[in-house]
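Take a look at the letters that make up each chain.
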Amino acid sequence: MAAELVAGIDLATQEVRVVCADGEGRVAATGRAALPAPHRPRSGWSEQDATAWWPAAVDALRQATDALGRTGADEISAVAVAATSGTVVALDGEGAPVGPALLYDDQRAGAEAEKAAEAGADRWDALGFHPSATSGLAKWAWLVAQAEAASRASRLAHASDVVVAGLTGDRTPPTDWSHALKSGYDPKRKEWAHEALDAVGVRAELLPEVRPPTSAVGTVSDDAAAATGLPRRCQVRLGMTDGCAGQVAAGADRPGRFVTVVGTTLVVKGVTEDLLVDPGGAVYSHRHPDGWWLPGGASNTGGAAIEEAWPDADLGELDDRAARRGPARCVTYPLVATGERFPFVASDAEGFWLGEPADDAERHRALLEGVAFVERLGYARLADMGASAAPPLRSAGRGGRSPAWAAIRAAVLGAPLLVAEQADTAVGACILAAAGTLHADLATAGRAMVAAGREVEPTDDDGEREAMEESFGRFVAALFDRGWIDERLRRAASAR
């Protein structure tokens, strides 16, 4: 008899990816389907045709179930969806999109964000999250304010909700409190922030019901089963945002565990027993379905700085040269555009160099070290707030897959890294689907399904450690001198 399976759906910006895995995390089948490229009709606007989401999910699921064959597909017991945080749409009474969806990076709703932030100021201060122009709350307000949406909108939804509706056949499915956080849901009080939503014209009847991630919200409908190949008895369980799902897949799923995801941006996320509130707004927390909290933040540095510096280069070869060269004598804050959001908030922050690199190898080495310096400062900020990360620190994304970069980061952090082998969003969605079906809860599912990973120890070369420690000190001092970090964070950065 085939092993019982679960399916995870990653509804990203460029594509939908599906992974089917068993209760020990072994991948049995995958599928993927492209989505239309984002449409950016003017500066700060970022849209997508939401009618493409469900057909792409169907295509990706059908690829996976076809690969499994009829017997294997019948063993899929649950499915969950993870999508980009802050991607939202308005729907009519039939569940069809009213106009385009506003993507995670759409910034048109600045005025609505300011109004919502003011109306719910006390709540946001207590929660440690403040609405911004890219938040789902502000974008929902903008959508309902438009003449067509105001007259035709019957419900407001996240991208994940649209796929859940397609799976279950329920036009008004519940949403999860992870996708709903930036849309105005208060996971501490477990209620919508009605004072803020009312202030920007978002009526209560437009809002979905909210339940914890991993909650069962129905089963796959006859129509969805026929289209996707999923079995009719398959449970549909609520997921989390892509960042949280990736965190789960990396094994940062219980108190004390933290992960850094080095992709286009640099994201640090972890688990604490209590809610941490950052008055500065650099750190905010999702809620774990088991009642814990998931603090973290996302820097605007990361892989984007490497890609901009070397758009056509062989990065593997550059990594090798950087490793052989040793610590850079110059220091850089590798910020591509203006503005930073973690580990400090500074709208005027800009990248800088202290000293000039002698050659391409030193330039690349300095860039790799610079991202690692931001990562270390992020962990210092979290530790200062009471969130101590227990080693090893988990790692996902290119920063872990590159042996040279992982070694540099371990040396800068002064802690071992555990490089996750399958830390992607679709795998995380599988683990969320398995919680309550193949396993008792999310923590149990994570223990069973997350691969051990590859451990990278800090260097034992005293000279290399000392050189990077001196460069990190110069980096922190430069941030302080520019007024981007305060004395408290400067002191926290010096602690080991």
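Everything quoted here is computed from the prediction, not taken from an experiment. (Residues numbered from 1 in each chain as written. Predicted model: local features only at pLDDT ≥ 70, side-chain atom pairs only at ≥ 80, totals over all residues. Heavy atoms only, no water.)

**With respect to the overall build of the protein chain**
Reasoning step 1: Of the regular secondary structure elements, the protein chain holds 18 helices and 23 strands.
Reasoning step 2: What you see for the protein chain is a C-alpha radius of gyration of 22 Å, in line with the 23 Å of a compact globule of 496 residues.
Reasoning step 3: Projecting the C-alpha coordinates of the protein chain onto the three principal axes gives extents of approximately 65 × 55 × 40 Å.
Reasoning step 4: Within the protein chain, buried positions represent 58% of all 496 residues.
Reasoning step 5: Of the contacts formed within the protein chain by residues at least 6 apart in sequence, a portion of 71% connects residues at least 24 apart.
Reasoning step 6: Taking the average location of the 49 positive side-chain charges in the protein chain and that of its 70 negative ones, the two points are 1 Å from each other. (Helix = DSSP H or I, 4+ residues; strand = E, 2+ residues; numbered from the N terminus. Rg over C-alpha atoms; globule rule 2.2 N^0.38 Å. Buried < 20%, exposed > 50% of the residue type's maximum accessible area, 1.4 Å probe, protein only. Contact = heavy atoms within 4.5 Å. Lys, Arg positive; Asp, Glu negative; His and termini not counted. Charge placed at Lys NZ, Arg CZ, Asp CG, Glu CD.)

**Here's the deal with the nonpolar core**
Reasoning step 1: Within the largest apolar cluster, 52 residues are counted, with the highest numbers of intra-cluster contacts made by Tyr 333, Phe 344, Leu 377, Phe 475, Leu 479 and Trp 484.
Reasoning step 2: Counting residues per element, this core draws most heavily on helix H12 (residues 360–384), at nine residues.
Reasoning step 3: Beyond its immediate stretch of four places on either side in the chain, Phe 475 contacts Val 331, Thr 332, Tyr 333, Phe 352, Phe 373 and Val 374.
Reasoning step 4: If you look at the next biggest cluster of nonpolar residues, it comprises 40 residues, including Ala 33, Ala 83, Ala 159 and Val 162. (Core = buried A, V, L, I, M, F, W, Y, C linked by side-chain atoms within 4.5 Å.)

**A few points about the sheet that holds strand S22 (residues 417–419)**
Reasoning step 1: Strand order in this open sheet of seven strands is S17-S18-S16-S15-S21-S22-S23, and the pairing throughout is mixed. Because the sheet does not close on itself, it has two edges, and the strands there are strand S17 (284–287) and strand S23 (454–456). Within the sheet, the average angular offset between the axes of one strand and its neighbour, ignoring direction, is 25 degrees.
Reasoning step 2: As defined by bridge partners, strand S21 (residues 393–397) adjoins S22 across three bridges and the pair is classed as parallel. Paired with Leu 393 across the bridge in S22 is Leu 417.
Reasoning step 3: Taken strand by strand, helix H9 (residues 242–249) contacts strand S15 (258–262), strand S16 (266–270), S17 and strand S18 (293–299), and its axis lies near 65 degrees from that of S16.
Reasoning step 4: Strands in contact with H12 are S15, S16, S18 and S21; relative to S15, the strand with the most contacts, it is inclined by about 150 degrees. (Pairing = 2+ DSSP bridges. Axes fitted to C-alpha atoms, helices over the stretch in contact; angles between N-to-C directions.)

**Brief notes about the pattern of salt bridges**
Reasoning step 1: Applying the stated criterion across every chain, the model contains 33 salt bridges.
Reasoning step 2: Of the charged contacts, one joins Arg 189 and Glu 191 as a salt bridge, the two residues approaching to 3.8 Å between their closest N and O atoms.
Reasoning step 3: According to the relative accessible area criterion, Arg 189 is partly exposed, its value standing at 47%.
Reasoning step 4: The partner of Glu 487 in a salt bridge is Arg 490, with the nearest N and O atoms 2.6 Å apart. Pair noted here: Glu 487 and Arg 490 are both in helix H18 (residues 487–494), with a separation of three residues, about one helical turn.
Reasoning step 5: Counted as one network, the salt bridges with shared partners bring together Arg 123, Asp 186, Arg 189, Glu 191 and Glu 195. (Salt bridge = Lys/Arg side-chain N within 4 Å of Asp/Glu carboxyl O.)

**A word on helix H2 (residues 110–119)**
Reasoning step 1: Within the span of H2, buried status applies to Glu 112, Ala 113 and Ala 116. Down the axis of H2, the smallest arc covering the buried residues is 100 degrees, so these residues share one side. Exposed and oriented more than 90 degrees from the buried face of H2 are Ala 111, Glu 114 and Glu 118.
Reasoning step 2: Each element contacted by the buried residues of H2 is listed here: helix H3 (121–127), helix H4 (136–145) and helix H7 (194–199). (Arc of directions from axis to C-beta.)

**Let's talk about the packing of aromatic side chains**
Reasoning step 1: If you walk through the whole model with that rule in mind, you get 15 aromatic pairs.
Reasoning step 2: Taking the centre distance of 6.5 Å and the plane angle of 10 degrees together, the rings of Phe 344 and Trp 484 count as stacked. With Phe 344 in the loop between strand S19 (331–333) and strand S20 (352–354) and Trp 484 in the loop between helix H17 (462–481) and H18, this residue pair connects regions lying 140 residues apart in the sequence. For the pair Phe 344 and Trp 484, one class covers both residues: buried.
Reasoning step 3: Their ring planes at 45 degrees and their centres at 5.5 Å tell us that Phe 373 and Phe 475 sit as a pair that is tilted. Taken together, the positions of Phe 373 in helix H12 and Phe 475 in helix H17 put the pair 102 residues apart, joining distant regions of the chain. Across this residue pair, the class does not change: Phe 373 and Phe 475 are buried.
Reasoning step 4: Among the aromatic side chains, those forming a connected cluster through ring pairs are Tyr 333, Phe 344, Phe 352, Phe 373, Phe 472, Phe 475 and Trp 484.
Reasoning step 5: It is Arg 42 that lies over the ring of Trp 45; its NZ or CZ is 4.0 Å from the centre.
Reasoning step 6: Sitting above the plane of the Trp 177 ring, Arg 287 keeps its charged end 6.0 Å from the centroid. (Phe/Tyr/Trp six-rings, centres within 6.5 Å; stacked < 30°, edge-to-face > 60°. Lys NZ or Arg CZ within 6 Å of the ring centre and 35° of its normal.)

**A word on H12**
Reasoning step 1: When the terminal C-alpha atoms of H12 are compared, their 36 Å separation across 25 residues agrees well with the 36 Å that a helix rising 1.5 Å per residue should span.
Reasoning step 2: The buried count for H12 comes to 21 of 25 residues, which makes it a mostly enclosed element.
Reasoning step 3: Positive phi shows up at Gly 386, right after H12, with a value of about 105 degrees. (Expected span 1.5 Å × (residues − 1).)

**Overview of the environment of Val 476**
Reasoning step 1: Its location among the elements puts Val 476 in helix H17.
Reasoning step 2: Judged by its relative accessible area of 5%, Val 476 is buried.
Reasoning step 3: Measuring from C-alpha to C-alpha, the distance between Val 476 and Val 374 comes to 9.2 Å, with 102 residues separating the pair along the chain.
Reasoning step 4: The contact partners of Val 476, leaving out residues within four places of it in the chain, are Leu 377, Ile 485, Arg 490 and Ala 493.

**With respect to unusual backbone geometry**
Reasoning step 1: Look at the link from Phe 342 to Pro 343: it is a cis peptide, with omega at 10 degrees.
Reasoning step 2: The linkage connecting Pro 391 with the following residue, Pro 392, adopts the cis geometry, with an omega of 0 degrees.
Reasoning step 3: Along the chain, Pro 392 turns up in the loop between H12 and S21.
Reasoning step 4: A positive phi angle, close to 55 degrees, is found at Lys 190, a residue other than glycine.
Reasoning step 5: When its relative accessible area of 49% is taken as the criterion, Lys 190 is described as partly exposed.

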